[in-house]
Amino acid sequence: MNHGSSTSLRAEALENSAKRLNTWQAIRADVLARIRSGEWPPGELIPTEQELAVEMGCARATVNRALRELASSGIIERRRKVGTRVASTSSRRTTLSLPVMRDEIEALGQRYHYALTEIEMRRGTAGALNALQADPEDELMLVKTRYLADGTAYCCETVWLNPKAIALPDPKLFEAEPPQEWLSRHLPVQQTRFSILADEATGACARSLELPSGTPVLAIERVNSLDAVPVSYARQFYPPQHRLIFDD
């Protein structure tokens, strides 16, 4: 994460909010900037909706919408009669931890292979924008990868990285190292949210898994955060009959 000065981040947030003073997106950007800068660290109780509305010169309902968006992504926690706090990174909402793919495959006693299939800067999907709390016009880095176990298709993965939250490496690095490994090796990120769901393999993912388009697959969504700010949103797809095991 690029730890610039709190003053410069705050000045940038105020400049942006001045342009769109009455939008919930501007309020959200300002709150995120304060969290990133450390002005509001994890666990910090932030000002009330009314206080923020007065400071920003907007309606309280606008502030409420911005905070609801941030709460839905787990960046802040809201409790009646207590207030709103920046989510604490020291206490996890769940004890489950998903290993990086290399460890997952090698733990099965199988030969690991990784391949980068696509990488580009582009605007995010609705799911990526919500998970990373990015604006529709923001450009994110999309990395698509494929994993084999003993030469057989094991998993395909799409990872969205937010360049506003962390300094990204040269894209060529991901030709040899998966994004999740790079994150865990270089930054003290924490898995702050994950979901397990049923989905269908389509497009590049279906080809990577060597499955007919529309085949039901197991999907896992993961969000990694740094100092309560989401930095990556990953979707992993496993072929039918895959068994997911969690050990203590």
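Along each chain, residues carry numbers from 1 onward, in the same order as the chain's sequence is written. Local features in this predicted model are restricted to residues of pLDDT 70 or higher, and side-chain atom pairs are both shown and tallied only at a pLDDT of 80 or more, whereas totals for entire chains, interfaces and linings draw on every residue. Water and hydrogen atoms were dropped before computing side-chain values, which therefore reflect all heavy atoms in the structure.

## A short note on helix α2 (residues 24-37)
Quick reminder of the rule: Think of it this way: any DSSP run of H or I at least four residues long counts as a helix, any run of E at least two long counts as a strand, and we number them from the N terminus. Helix span is expected to be 1.5 Å times the residue number reduced by one. Only protein chains enter the accessibility calculation, which uses a 1.4 Å probe; a residue whose area is less than 20% of its type maximum is buried, one above 50% is exposed, and one in between is partly exposed.
In a regular helix each residue adds 1.5 Å, so 14 residues correspond to 20 Å; α2 covers 20 Å between its end C-alpha atoms and thus fits that length. Along α2, the residues that are buried comprise W24, A26, I27, R28, D30, V31, L32, A33, R34, I35, R36 and S37. At the exit of α2 stands G38, carrying a positive phi of roughly 95°.

## Some thoughts on the nonpolar core
Threshold: For this analysis, a nonpolar core means a set of buried residues of the types Ala, Val, Leu, Ile, Met, Phe, Trp, Tyr and Cys, connected via side-chain atoms within 4.5 Å.
One finds I35, L67 and L183 to be the most contacted residues of the largest nonpolar core, which totals 44 residues. At 5 residues, α2 tops the list of elements feeding residues into this core. Of all hydrophobic cores here, the second largest spans 10 residues; its members include L129, L140, W160 and V223.

## Quick look at the side chain of S225
To be explicit about the condition: Contact between two residues is taken to exist if any of their heavy atoms lie within 4.5 Å; hydrogens are not considered.
Secondary-structure assignment places S225 in strand β7 (residues 215-226). Residue S225 is classed as buried on the basis of its relative accessible area, which comes to 4%. The residues contacting S225, other than those within four sequence positions of it, are P188, V189, Q190, T192, P230 and V231.

## Focus: helix α4 (residues 60-72)
Going by this rule: It is the directions from the helix axis to the C-beta atoms whose arc is reported.
Between its first and last C-alpha, α4 extends 18 Å over 13 residues, near the 18 Å set by a 1.5 Å rise per residue. Those residues of α4 lying buried are T62, V63, A66, L67, E69 and L70. End-on view of α4: buried residues confined to an arc of 155°, all on one side of the axis. Those residues of α4 hidden inside the fold are in contact with α2, α3 (49-56), β1 (76-79) and α6 (126-132).

## Quick notes on the pattern of salt bridges
The line we're drawing: Only one rule defines a salt bridge in this text: a Lys or Arg side-chain nitrogen within 4 Å of an Asp or Glu carboxyl oxygen.
The final tally for this structure, using the stated rule, is 15 salt bridges. Taking the shortest distance from any N to any O, the salt bridge between D135 and R28 comes out at 2.1 Å. Here D135 is found in the loop between α6 and β4 (139-149), whereas its partner R28 is found in helix α2, with 107 residues between them in sequence. For D135, a relative accessible area of 9% puts it in the buried group. Its salt-bridge partner being E69, residue R65 comes within 3.4 Å of it at the nearest N-O pair. Highlighted residues: R65 and E69, both in helix α4, separated by 4 residues, approximately one helical turn. Each of the salt bridges in this network shares a partner with another, and the network as a whole consists of D30, R34, E39 and E55.

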